[in-house]
Amino acid sequence: MSLNTLTHSTVEKIRESVGNSLSESQIAAVTKIIDDALIKAVNQSTKKCTDAAVICCGPEADMAHKIAEDVERARYSLIGNLTSMR
């Protein structure tokens, strides 16, 4: 499931739970809140994965740096995709 799909699905569930009484500006605000929460979660997960890779690889720090770079590239790609949804 893509993050765009997840965001829109979550917004729809929120709309259903409040009886579809949200205005367009409120829907936009809720969508931004969800996007921001997803970005924060991705950033925290990336940091934890990077830290774990560094700990696991210990003396093989070069490999840890390569893994960290791959994770960082994926994070930037994800943030770019989330930003383009706005």
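Let me sum up the structure you'll find in this document. (Residues numbered from 1 in each chain as written. Predicted model: local features only at pLDDT ≥ 70, side-chain atom pairs only at ≥ 80, totals over all residues. Heavy atoms only, no water.)

### Points about the nonpolar core
Membership of the largest hydrophobic core is limited to nine residues, which are Val11, Ile27, Val30, Ile34, Leu38, Ile39, Val42, Leu78 and Leu82. Taken together, the elements giving at least two residues each to this core come down to α2 (24-57) and α3 (61-85). If you tally residues by element for this core, the top one is α2, at six residues. Ignoring sequence-local partners within four residues, the contact set of Leu38 consists of Leu3, Leu6, Thr7 and Leu82. (Core = buried A, V, L, I, M, F, W, Y, C linked by side-chain atoms within 4.5 Å. Buried < 20%, exposed > 50% of the residue type's maximum accessible area, 1.4 Å probe, protein only. Helix = DSSP H or I, 4+ residues; strand = E, 2+ residues; numbered from the N terminus. Contact = heavy atoms within 4.5 Å.)

### A few points about the pattern of salt bridges
On inspection of all chains with the given rule, the structure shows four salt bridges. With its nearest N and O atoms 3.1 Å apart, the salt bridge here joins Asp36 to Lys32. Of this pair, Asp36 and Lys32 both sit in helix α2, separated by four residues, roughly a single helical turn. Note on Asp36: relative accessible area 32%, which makes it partly exposed. In this structure, Asp70 and Arg73 form a salt bridge, with 2.3 Å as the shortest nitrogen-oxygen distance. Of the two residues, Asp70 and Arg73 both sit in helix α3, three residues apart, roughly one turn of that helix. For Arg73, a relative accessible area of 53% gives the class exposed. (Salt bridge = Lys/Arg side-chain N within 4 Å of Asp/Glu carboxyl O.)

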